[in-house]
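Chain residues, written in single-letter form:
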Amino acid sequence: MRSRRRLALPVLLLLTVAACSEGTTPEPEPSASASDGQIAAPTVPGRGQTELPTVEQQQEALASAGESTEAFAAPLDAGESEVGQVADVPAGPYLLRVVCTSSDGGPVTVTVAAAADGTELTSYQAPCVPVFQGGSTMADSDPFEVPAGAVDVGVTAAADSVVAVGLVAAG
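Residues numbered from 1 in each chain as written. Predicted model: local features only at pLDDT ≥ 70, side-chain atom pairs only at ≥ 80, totals over all residues. Heavy atoms only, no water.

### Some words on helix 3 (residues 55–64)
Then, number 1: What helix 3 keeps buried is the set V55, Q58, A61 and L62. On an axial view of helix 3, the arc spanned by its buried residues comes to 125 degrees, and they lie on one face. Looking at helix 3, the residues exposed on the side facing more than 90 degrees away from the buried face are E60, A63 and S64.
Then, number 2: Contact partners of the buried residues in helix 3: strand 1 (69–76), strand 3 (92–102), strand 7 (137–140) and strand 10 (161–169). (Buried < 20%, exposed > 50% of the residue type's maximum accessible area, 1.4 Å probe, protein only. Helix = DSSP H or I, 4+ residues; strand = E, 2+ residues; numbered from the N terminus. Arc of directions from axis to C-beta. Contact = heavy atoms within 4.5 Å.)

### Section: the nonpolar core
When a protein is soluble and globular, its nonpolar side chains tend to lie buried together.
Then, number 1: Core analysis: the largest hydrophobic core is formed by 26 residues, its most contacted members being L96, V98, V108, V110, V155, V163 and V165.
Then, number 2: Of all elements in the fold, only strand 1, strand 2 (81–89), strand 3, strand 4 (108–114), strand 5 (120–126), strand 8 (144–146), strand 9 (149–157) and strand 10 reach the threshold of two or more residues within this core.
Then, number 3: Filtering out sequence-adjacent residues up to four positions away, V98 remains in contact with V108, V110, Y124, A126, T137, M138, A139, V163, A164 and V165. (Core = buried A, V, L, I, M, F, W, Y, C linked by side-chain atoms within 4.5 Å.)

### So, the state of the cysteines
Then, number 1: Tallied over the full model, the rule gives 1 disulfide.
Then, number 2: The residue that forms a disulfide with C100 is C128, at a sulfur-sulfur distance of 1.8 Å. Given an S-S torsion of about 85 degrees, the disulfide between C100 and C128 has right-handed geometry. Separated by 28 residues along the polypeptide, C100 in strand 3 and C128 in the loop between strand 5 and strand 6 (129–130) bring together distant segments of the chain. This pair shows no difference in class: C100 is buried, exactly as C128 is. (Disulfide = S-S within 2.5 Å.)

### Some points on the side chain of R97
Then, number 1: The topology assignment puts R97 in strand 3.
Then, number 2: Within the structure, the side chain of R97 is placed 2.8 Å from the side chain of D140, a separation counted as a polar contact.
Then, number 3: Once residues within four sequence positions are removed from consideration, R97 is found in contact with L62, A65, E67, M138, A139, D140, A164, V165, G166 and V168. (Polar contact = N/O pair within 3.5 Å; in protein donor to acceptor, adjacent residues only side chain to side chain.)

### Remarks on the confidence of the model for the protein
Then, number 1: Of the residues in the protein, 71% have a pLDDT of 70 or more, and the chain-wide mean is 83.
Then, number 2: Segment residues 31–35: pLDDT under 50, and 2 contacts once partners within four positions in sequence are set aside and those in other chains are kept.
Then, number 3: For residues 43–47, every residue scores under 50 in pLDDT, and the model assigns this stretch 2 contacts once sequence neighbours within four places are set aside. (pLDDT = per-residue confidence, 0-100.)

### With respect to a negative patch on the surface
Then, number 1: Taken together, the side chains of D77, E82, D104 and D160 present a region of like negative charge at the surface.
Then, number 2: You can see E82 is positioned in strand 2. (Patch = residues over 30% accessible without salt bridge, like charges linked within 9 Å, V, L, I, M, F, W, Y side chains within 5 Å. Areas by Shrake-Rupley, 256 points an atom, 1.4 Å probe, with all protein chains shown as cover. Salt bridge = Lys/Arg side-chain N within 4 Å of Asp/Glu carboxyl O. Lys, Arg positive; Asp, Glu negative; His and termini not counted. Charge placed at Lys NZ, Arg CZ, Asp CG, Glu CD.)

### Concerning unusual backbone geometry
Then, number 1: With a phi angle near 55 degrees, D88 is a residue other than glycine that sits in the positive phi range.
Then, number 2: Checked against the element boundaries, D88 lands in strand 2.

### Some details on the sheet that holds strand 5
Within a sheet, neighbouring strands are paired by backbone hydrogen bonds and run either parallel or antiparallel to one another.
Then, number 1: Ordered in space as 2-9-4-5, the 4 strands form an open sheet in which the pairing is antiparallel. What marks the edges here is a single partner per strand, and that holds for strand 2 and strand 5. Sheet twist, expressed as the average angle between the axes of neighbouring strands with direction ignored, equals 15 degrees.
Then, number 2: Pairing analysis gives 7 bridges linking strand 4 to strand 9, with the strands arranged antiparallel. Among the inter-strand pairings, T109 is bridged to a residue of strand 9, identified as T156. (Pairing = 2+ DSSP bridges. Axes fitted to C-alpha atoms, helices over the stretch in contact; angles between N-to-C directions.)

Here is the structure:
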């Protein structure tokens, strides 16, 4: 008889707690963006930007990394391509330094060609940090040989991006 009482007491306590807490869970309030049918970008504490950085901010980040010759700096829409040019490049090994932020983390493709005859010297797919993470990504390509003269630097964006590209002597 005593064992039934011991079993009944925990069950009675659970039922009492359940009855007291019923209906006290607050309902989540719908956000304004959810009612518009749009989903807001996720936020991370200390981050959460929704606007791409300025071209000047990307140029400053490129300049802070040391010696490089700026070859390209501009905002690009998704799928857009633009070309910059560096005149009078001495022959030798170089690498690309790319500073990038994009709307969704999509990469940019940077292609370098000799301006005189259009010969492609290198192509590099550079990563971009998504805007909601804040900041920018800086990445270096593998070294490649450049003949003396002008080079064209073409950039194609997979997503809306702000990009700065530098040409860095590699040795």
